[in-house]
Amino acid sequence: MATAQRSTSQPATTLLILGASGDLTSRLLLPGIATLLQIEPQRRVEIVGADLRQLSDADWAGRVQTALAAGSATGEAAEHVLRSTRYVASDATDPESLAALIASIPCDRLVIYFALPPHVTQLVCTALEQIGVPEGTILAIEKPFGASLESARELNALVTRIVPEDRVFRIDHFLGLHTVLNLIGLRFANRLFEPVWDRDSIAKVEVLYDETVTLEGRAGYYDRNGALRDMIQSHLLQIMALIAIEPISSVTAGDLRDAISQVLRASSVVDPIEHSRRARYTAGSVESRAVPDYVAEDGVDPALGTETLAEVQVEIATARWAGVPFILRSGKSLGGVRKRAVIHWKPPAHVPTGFGGHDSPDCLVIDFKPDGFELHITTNGKGDPFTLEQTVLRGELGGGQLLPYGEVLASILDSDPRIAVRGDAAEECWRIIEPVLAAWRADAVPMDDYAAGSTGPEGWETSRA
């Protein structure tokens, strides 16, 4: 079987990180580069950091060196990064300052990475439109892409006036290349699954992302977004679309992104009041550490009414999926980690009379990070063959050697947009959740609560163990 491979050519690239003094750069971007250079030492990347904050050359170099060491990046590639890296204190929202910054970067290829809040990204893009960018420049923009359907449309129009769509990388670190290919391969390369991947055989699909982490110092961002925007809008709808895509002829960017957008265009939360839930954690204990009420966390504004657990039921209006609920849930400060998709098959039309004990329909569990699967199927009991029970078959799926942001950066540096979110898909995700946001703003959906460290609110089916 032919497979798509990354290009082995490694043109010289400068990665300009806007917002370089922030947490995203030190916690994710620099370690991502480090693991990439450790796996692919032939790469030549120069890193220029820029932000409003003043940092000394020694401070910046120390941050880069720490990240490279933590990622075990050594040799000429790492040494080249350390020799060439620099930091510039600059206001990227000011056209004159931004023009001077870009003019100071002689390079074959320029990647501008926006490690910035959405409203600042908008201002920087407005400045870029005024001053222009070098030929071939790539714009890499962190989620959330806009803050609403209207703002996403405006930002799409703006960025595509600066560079063509194929040079805009809207970042979804959840969708690493291995995760994408694992989902596609598991379904389309197995005759066992593809014939029963439709409404005739599947009762429901769940995409779950439960985390034990709390705010981790991110109240300034999270309290203005919440679980629905932060995870479901930005990530889980994309996973849902990958699960639900129609058969594709190849794993090229064009075929893959067309299929994802087709699913999202057909998707909606039909009744936002009945088909959405929200909740917020109260005081409790997670992994032996005390957690306060969410509203008592540093930096939280109780008046915002932010949820820390969100759930929506999405329907996909196609012949394949009509009537099949796709349940998407994500939350923080829960008692265990669940990062998975669960395909629930319908029970058989008839089980021969005389069998007993069978009460759980078969299902396929696809785990993310680490990637693996469990196939829960009904078999005869080990002791009594007249008693049916569930047997679980487990397997590992191919995982990459890179950290999630290593995969993201590799795709950007290789100009491979397969795991980037296309502009129309970003808009569709906002369209899908905006009716839910409106219902929540109107308090048409109650705010439930759950103790930190629990499985979620009582009464939610997805909170059952």
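Look above for the structure.
Quick caveat, the model's predicted, so the values are computed rather than measured. (Residues numbered from 1 in each chain as written. Predicted model: local features only at pLDDT ≥ 70, side-chain atom pairs only at ≥ 80, totals over all residues. Heavy atoms only, no water.)

Novice: Quick rundown of the sheet that holds strand β4 (residues 109-114)? Include the residues and the values.
Specialist: The parallel open sheet is built from 6 strands, whose spatial order is β3-β2-β1-β4-β5-β6. Both edges of this open sheet fall to β3 (86-89) and β6 (168-170), since each of them pairs with a single strand only. Sheet twist, expressed as the average angle between the axes of neighbouring strands with direction ignored, equals 20°. Note: strand β2 (residues 45-51) against β3, 4 bridges, orientation parallel. Directly across from A50, in β3, lies its bridge partner V88. Most of the contacts of helix α4 (residues 95-103) go to strand β1 (residues 13-18), to which it runs at about 155°, and overall it touches β1, β2, β3 and β4. (Pairing = 2+ DSSP bridges. Helix = DSSP H or I, 4+ residues; strand = E, 2+ residues; numbered from the N terminus. Axes fitted to C-alpha atoms, helices over the stretch in contact; angles between N-to-C directions. Contact = heavy atoms within 4.5 Å.)

Novice: Before we move on, could you go through the nonpolar core and cite the residues and values that matter?
Specialist: Judged by nonpolar contacts, the single largest core of 105 residues is most densely connected at L16, L18, F114, L237, I243, F326 and L328. No other element matches the 12 residues that helix α9 (residues 226-244) contributes to this core. Once residues lying within four places of it in the same chain are set aside, the contact partners of L237 are I232, L264, V314, L328, C429, I432 and I433. One finds A34, L55, V64 and A115 within the second-largest nonpolar core, a separate group that totals 37 residues. (Core = buried A, V, L, I, M, F, W, Y, C linked by side-chain atoms within 4.5 Å. Buried < 20%, exposed > 50% of the residue type's maximum accessible area, 1.4 Å probe, protein only.)

Novice: Please give an account of the pattern of salt bridges that cites residues and values.
Specialist: Side chains bearing opposite charge may pair, as long as their charged atoms lie close to each other. Per the counting criterion, the structure on display carries 27 salt bridges. Here R43 makes a salt bridge to E40, at a shortest N to O gap of 2.8 Å. The residues R43 and E40 share a single accessibility class, namely buried. Here E461 ties to K204 by a salt bridge, and the two come within 3.0 Å at their closest N and O atoms. In this pair, E461 is assigned in the segment after β18 (447-451) and K204 in strand β7 (residues 202-210), connecting sequence segments 257 residues apart. With a relative accessible area of 47%, E461 lands in the partly exposed category. Under the relative-accessibility criterion, K204 is labelled buried at 16%. One continuous salt-bridge network, built from bridges that share partners, spans R187, E194, E246 and R320. (Salt bridge = Lys/Arg side-chain N within 4 Å of Asp/Glu carboxyl O.)

Novice: Go over α4 with me, naming the residues and quoting the values.
Specialist: Those residues of α4 that sit buried are L98, L101 and I102. The buried residues of α4 occupy an angular sector of 95° when projected down its axis, which confines them to one face. Exposed residues on α4 whose side chains face more than 90 degrees from its buried face are E96 and A103. In this fold, the buried residues of α4 make contact with β1, β2, β3, β4 and α5 (118-131). (Arc of directions from axis to C-beta.)

Novice: Describe in detail the state of the cysteines, supporting the description with residues and values.
Specialist: Across all of its chains, the model carries 0 disulfides by this definition. The closest cysteine sulfur to the non-disulfide-bonded C429 is located on C125, 19 Å from its own sulfur. (Disulfide = S-S within 2.5 Å.)

Novice: Lay out the packing of helix α7 (residues 177-188) against α9 in plain terms, naming residues and giving numbers.
Specialist: At a minimum axis distance of 9 Å, the contact between α7 and α9 shows a crossing angle of 25°. Comparing the axis directions of α7 and α9 gives the class roughly parallel. Every pair of crossing elements has a handedness; the one defined by α7 and α9 is right-handed. Residue-level contacts link T179, V180, L183, I184 and R187 of α7 to I239, L242, I243 and A244 of α9. (Parallel < 35°, antiparallel > 145°, perpendicular 65-115°, else oblique. Left-handed = near helix turned anticlockwise from the far one by under 90°.)

Novice: Account for the packing of α4 against α5, naming residues and giving values.
Specialist: Viewed as axis vectors pointing N to C, α4 and α5 meet at an angle of 70°, and their least axial separation amounts to 9 Å. Accordingly, the angle class assigned to the pair α4 and α5 is roughly perpendicular. Crossing geometry of α4 relative to α5 is assigned as right-handed. On α5, the residues touching P95, L98, A99 and I102 of α4 are V124, A127, L128, Q130 and I131. Residue composition of the contact of α4 with α5, by class: 8 nonpolar, 1 polar and no charged. (Nonpolar A, V, L, I, M, F, W, Y, C, P; charged D, E, K, R; others polar.)

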